[in-house]
Amino acid sequence: MKSNDVINLLEQLAPKRYACDWDNVGLLVGRRDKEVKKIMIALDASLSVIEQAAANKADMLITHHPMIFSAIKKVDYDDITGKKIAKLIANDITYVAAHTNMDAAVMADIAAKKMELIDARPLDVTYTEKMYKLAVYVPVESADLVRSTMLNDGAGFYGNYSHCSYNIAGKGTYMPLEGTNPYKGTVNKFEVTDEIKIETLVSDSNKNRIIRHMLEVHPYEEVAYDLYEISDSGYDIGVGKIGRIKEPVELIECVNIVKAQFGINNLRLVGDPDKKVRFIAICPGAGKSVVKNAIKMGADVLVTGDIDHHTALDAYEDGLCIIDAGHFCTEHFIVDYLKNHLLRCFYKDDLDNKDIEVISAKEESPFIFL
Ligand SMILES: [Zn+2]
């Protein structure tokens, strides 16, 4: 497998179009044709992480935070960025970042699930995914297989429901012409057959994959299917989530949930610990930019990191409690998630890739509590 194949897998998980405009994601240093046997995953491309990648002979390094954010005018090996770039190049490590695209595609969802949020929606929309209706005509006996192939591949998501489809029985007609090898029927003979029309919903990013897999299991030589854009609907994708929990809890209870779910011992709290909260916003990492949205969308509390004094003060006076659980601790779970995701991709479809190793770097927050 080449590094470009791994980049494509990342693109399927967290498409670049989901990223914020100011972000810098994708291949940042290195080459796309590197043969990959070992991949290291980390939150940050710190010097320590790059040294670990080199010592472990990793062919690729994937981090959440991009090491290079804005344009650089020189690569001086005496400064920290230059040193890191030099080390990556000297060790022929292909370096890739998946940042706000990962936030939008994966991070916010997992964080919302950790907090058991109901009806969660994005705090800050970065992309609206076009949705399509896919209708496919299948002989009755193959309907279950074709339907389950599509639904298990991600088709049929409506709000909080998955595996949605509509199935109508009908008659299909056709005449196989010379040179065909029909699944049913005879060449040059008009055929009427029992079929099911299966309708489901696919997104812009998964439609090609789902259609490809549907065609693989459909028994017909020429598969009839329709794909049409649903003009008045789209699926909002973005940074952070807001939703409600089953029953209101005291803010201090919410603190305990955050500590348990994110494995945190110490955090900072803005707000009265006895206050009842129900609508919870969560934005792993730095959440200053979503404070106003959280207030506008009716959050009682925002769980995030990197909140400064003035932002905390304004939020408090605007009625928003804040649980600042730290940037590192609210995001680090993504490293394990990505590692497991890549391993699942490598092992599922191609056993030849079993020799690809995925490891996570040893990292700690730069802050210590005294
Ligand atoms: Zn972050």
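Since the model is a prediction, treat every value here as computed from it, not as a measurement.

**Re the overall build of the protein**
From N to C terminus, the protein includes 11 helices and 13 strands. Referenced to the eigenvectors of the C-alpha coordinate spread, the extents of the protein come out at roughly 85 × 55 × 35 Å. Scored against the burial criterion, the 370 residues of the protein give a buried share of 46%. Contacts in the protein between residues at least 24 apart in sequence constitute 72% of all its contacts with a sequence separation of at least 6. In the form shown here, the protein has an accessible surface area of approximately 19300 Å², with 50% of it arising from carbon and sulfur atoms. If you average the places of the 43 positive and of the 56 negative side-chain charges in the protein, the two averages end up 2 Å apart.

**What about the domain arrangement of the protein?**
As assigned here, the protein comprises domain 1 (3-99 + 332-360), domain 2 (103-125 + 238-330) and domain 3 (128-236). Computed over C-alpha atoms only, the centres of domain 2 and domain 3 are separated by 41 Å.

**Things to note about the pairing of strand β7 (residues 191-203)**
Of all 13 residues making up β7, 10 are buried, and the element is well covered by its neighbours. As judged from the nine bridges shared by strand β5 (residues 118-139) and β7, these two strands associate in the antiparallel manner. Along β7, the bridge assignment pairs Ala135 with Glu199. Here nine bridges tie strand β6 (residues 166-174) to β7, and the two strands are oriented antiparallel to one another. Within β7, the residue paired with Tyr174 across the bridge is Glu191.

**Side note on the coordination of the zinc ion**
Only His65 (NE2), His327 (NE2), Glu331 (OE) and Glu331 (OE) from the protein coordinate the zinc ion, and they sit 2.0 to 2.8 Å from it. Between the four donor atoms coordinating the zinc ion, the angles at the centre fall across 51 to 123°, so the site counts as irregular. A relative accessible area of 21% places His327 in the partly exposed class.

Rules and cut-offs
- Residues numbered from 1 in each chain as written.
- Predicted model: local features only at pLDDT ≥ 70, side-chain atom pairs only at ≥ 80, totals over all residues.
- Heavy atoms only, no water.
- Helix = DSSP H or I, 4+ residues; strand = E, 2+ residues; numbered from the N terminus.
- Buried < 20%, exposed > 50% of the residue type's maximum accessible area, 1.4 Å probe, protein only.
- Contact = heavy atoms within 4.5 Å.
- Areas by Shrake-Rupley, 256 points an atom, 1.4 Å probe, with all protein chains shown as cover.
- Lys, Arg positive; Asp, Glu negative; His and termini not counted.
- Charge placed at Lys NZ, Arg CZ, Asp CG, Glu CD.
- Domains from an automatic or database assignment.
- Pairing = 2+ DSSP bridges.
- Donors = N, O, S within 2.8 Å, 3.2 Å for Na, K, Ca; no water.
- Tetrahedral: all angles 85-135°; square planar, octahedral: opposite > 155°, others 65-115°.

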